[in-house]
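Residue-level structural notes
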Amino acid sequence: MYGFGELISVLKKNPKTIVFTEGTDPRILEASSRLLASNFLHPILIGNEDEIYKGAEESGFNIRGAEIIDPEKFDRMDEMVDLFCELRKSKGVTKEQARQTLSHANYFGTMLVKMGVADSLLGGATYSTADTVRPALQLIKTKPENKIVSSCFILVRPRATGENELLAMGDCAINITPNEEELVEIAHETANCARIFGLEPEVAFLSYSTFGSGSGETVDKMRNAAEMTKKAYPELPIAGELQFDAAVSPRVARTKCPNDPVAGHANTFIFPDINAGNIGYKIAQRLGNFEAYGPILLGLNAPVNDLSRGCNAAEVYSMAIITAALA
Ligand SMILES: CC(C)(COP(=O)(O)OP(=O)(O)OC[C@H]1O[C@@H](n2cnc3c(N)ncnc32)[C@H](O)[C@@H]1OP(=O)(O)O)[C@@H](O)C(=O)NCCC(=O)NCCS
Ligand SMILES: CC(=O)OP(=O)(O)O
């Protein structure tokens, strides 16, 4: 299991910096004060220095030692504007437009990573996912071997035995209606991410149908995607299309698809679209007592991650460690 102990050990051997785009948010300030109390991940807070210190004082968090970068006072802004124009030259961006865009912390922070001023970035405590992720899609782009950026959640819940129950879910946050090829990439990336956290993936392509019990375009999409993924990654245990009960309940699987080796104990779930995925992970989190880590962005060419606006300070702290350690 690649638990937080291991992630922290990785960072202790090779300390990193992380930009928080929402430097005045109390949850960010609390997580930053925790990070500053140790020495493995150094926070960089974007915003006005006075406002950040005032916020920290009012909420009682010690952020002494944090680096604060105010876009209005950034001494390398001209260089940043030029690089931004170069990166977006196919869109015909002017210097004035670039300067205006870079006054926003989401774009400014992403450019800090692009310029190597920071190693990683975590945003989304107040920005929507679209506003957090769009700058990264535009400026950082996908890794050469990926066609899309996607995402997964790692869900963790203690078992009565004391060990953790782990699940992986993708894509609950980025691709709105993935096609069959995109679902193959999402499944492969989600399974790889599951392994990093110590989960040996058994992948279910979810649907309202189990092996043809229902019909429809999205049923075909999930069945085809499962078959394509099996061909592309023959070593990966895969089933689909499956209903959620057939995926996780051995009793239901015995009735609906008794001969499938994955049905009944799948632990890595691929959703047909973002509606199902986003609703699904939040049900597990809010009603199923799972801690939800994510969305962890997959296939992006630098360590940038998003938070849910519903996050708490502990989740910010954990996501910061995940983001920087998996860099
Ligand atoms: C991710 C998202 C913001 C991108 O869409 P968008 O803002 O409309 O962006 P565009 O389609 O204009 O694309 C912007 C850039 O990102 C790229 N892009 C878009 N989606 C991408 C993806 N999945 N992977 C890689 N690149 C992508 C485009 O190619 C484009 O690049 P370019 O500007 O260099 O040409 C959009 O898909 C979205 O809103 N997803 C859902 C987010 C959400 O609400 N989640 C729920 C809460 S977690
Ligand atoms: C991941 C997610 O659902 O983000 P938010 O709650 O901010 O929309």
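If you look the protein up in an unreviewed UniProt entry, it shows as Phosphate acetyltransferase from Maccoyibacter intestinihominis. Here the protein is described in UniProt, under the heading Pathway (unreviewed entry), as follows: "Metabolic intermediate biosynthesis; acetyl-CoA biosynthesis; acetyl-CoA from acetate: step 2/2." According to the UniProt record, the Catalytic activity (unreviewed entry) comment for the protein is "acetyl-CoA + phosphate = acetyl phosphate + CoA".

**Section: the overall build of the protein**
Each helix and strand counted, the protein has 13 helices and eleven strands in total. The principal-axis extents of the C-alpha atoms in the protein amount to approximately 65 × 50 × 30 Å. Across the 327 residues in the protein, those meeting the buried criterion constitute 54%. Counted over contacts in the protein with a minimum sequence separation of 6, partners at least 24 positions apart contribute 71%.

**Digging into the site of ligand 1**
Around ligand 1, 17 residues are found, and the nearest of them are Arg88, Lys91, Arg134, Lys141 and Val149. Within the side chain of Arg134, an N or O atom sits 2.5 Å from an oxygen atom of ligand 1. Note that a nitrogen atom of ligand 1 is positioned 2.9 Å from one of the side-chain N or O atoms of Asn175. A total of 930 Å² of accessible area belongs to ligand 1 in isolation, and the protein chains cover 63% of it. Put simply, the parts of the chain that give the shell around ligand 1 at least two residues each are α7 (129–139) and α12 (274–287). Here the shell around ligand 1 takes five residues from α7, the largest share from any one element.

**Some words on helix α1 (residues 4–13)**
Along α1, the residues that are buried comprise Leu7, Ile8 and Leu11. Along the axis of α1, the buried positions cluster into a sector of 95 degrees, meaning they face one direction only. Residues Lys12 and Lys13 are exposed on α1 and point more than 90 degrees away from its buried face. Summarising the contacts, the buried residues of α1 are in contact with β1 (16–20), β2 (41–46) and α13 (313–325).

**What about the site of ligand 2?**
With respect to spatial proximity, the complete set of residues near ligand 2 consists of Thr129, Phe153, Asn278, Tyr281, Lys282, Pro295, Leu307, Ser308 and Arg309. In the environment of ligand 2, an oxygen atom lies 3.0 Å from a nitrogen or oxygen atom belonging to the side chain of Asn278. Protein contact buries 87% of the 260 Å² of open area that ligand 2 shows by itself. The dominant element in the shell around ligand 2, judged by the number of residues it contributes, is α12, at three residues. Broken down by class, the residue content of the shell around ligand 2 amounts to four nonpolar, three polar and two charged.

**A short note on the confidence of the model for the protein**
Per-residue confidence for the protein gives a mean pLDDT of 95, with 99% of residues at or over 70. The ipTM for the predicted assembly is 0.97, set against a pTM of 0.94.

**Details of the nonpolar core**
Residues Phe20, Leu41, Leu45, Ile154 and Ile321 are the most contacted members of the largest nonpolar core, which totals 42 residues. Ranked by the residues each element gives to this core, the list is headed by α13, at eight residues. Those residues within four positions of Ile154 in sequence are excluded, and the remaining contacts are Leu166, Leu167, Ala168, Cys193, Ala194, Phe197, Glu291, Ala292, Tyr293 and Ile296.

**Examining the UniProt feature "domain: Phosphate acetyl/butaryl transferase" (unreviewed entry) in the protein**
With numbering matched to this structure, UniProt assigns "domain: Phosphate acetyl/butaryl transferase" (unreviewed entry) to residues 7–324. Helix makes up 44% of residues 7–324 and strand 18%, with an end-to-end C-alpha separation of 9 Å.

**Considerations on the pattern of salt bridges**
With the rule as written, the count across this model stands at 14 salt bridges. The partner of Lys54 in a salt bridge is Glu58, and the shortest N-O contact between them spans 3.6 Å. Taken together, the residues Lys54 and Glu58, both in helix α3 (residues 49–59) and four residues apart, mark about one turn of the helix. The pair formed by Lys54 and Glu58 is uniform in burial state, with each residue classed as exposed. Across the pair Glu163 and Arg159 runs a salt bridge, and its minimum N-O distance is 3.8 Å. Here Arg159 falls in the partly exposed class, since its relative accessible area comes to 40%.

**Some details on the packing of aromatic side chains**
Counting across every chain of the model gives four aromatic pairs. A ring pair is formed by Phe74 and Phe108, whose centres lie 5.2 Å apart and whose planes are at 90 degrees; its orientation type is edge-to-face. Within this pair, whereas Phe74 is found in the loop between β3 (67–69) and α4 (77–87), its partner Phe108 is found in helix α6 (residues 105–114), the two being separated by 34 residues in sequence. Phe108 carries the same exposure label as Phe74, and that label is buried. The interplanar angle of 75 degrees and the centroid separation of 6.2 Å between the aromatic rings of Phe84 and Tyr107 together place this pair among those described as edge-to-face. Of this pair, Phe84 sits in helix α4 while Tyr107 sits in helix α6, placing them 23 residues apart in sequence. Across this residue pair, the class does not change: Phe84 and Tyr107 are buried. Positioned above the aromatic ring of Tyr317, the side-chain terminus of Arg34 is 3.6 Å from the ring centre.

Conventions we followed
- Residues numbered from 1 in each chain as written.
- Chains lettered and ligands numbered in written order.
- Predicted model: local features only at pLDDT ≥ 70, side-chain atom pairs only at ≥ 80, totals over all residues.
- Heavy atoms only, no water.
- UniProt positions renumbered as here; feature names shortened; annotations may be inferred.
- Helix = DSSP H or I, 4+ residues; strand = E, 2+ residues; numbered from the N terminus.
- Buried < 20%, exposed > 50% of the residue type's maximum accessible area, 1.4 Å probe, protein only.
- Contact = heavy atoms within 4.5 Å.
- Near = heavy atom within 4 Å.
- Polar contact = N/O pair within 3.5 Å; in protein donor to acceptor, adjacent residues only side chain to side chain.
- Areas by Shrake-Rupley, 256 points an atom, 1.4 Å probe, with all protein chains shown as cover.
- Arc of directions from axis to C-beta.
- Nonpolar A, V, L, I, M, F, W, Y, C, P; charged D, E, K, R; others polar.
- pLDDT = per-residue confidence, 0-100.
- Core = buried A, V, L, I, M, F, W, Y, C linked by side-chain atoms within 4.5 Å.
- Salt bridge = Lys/Arg side-chain N within 4 Å of Asp/Glu carboxyl O.
- Phe/Tyr/Trp six-rings, centres within 6.5 Å; stacked < 30°, edge-to-face > 60°.
- Lys NZ or Arg CZ within 6 Å of the ring centre and 35° of its normal.

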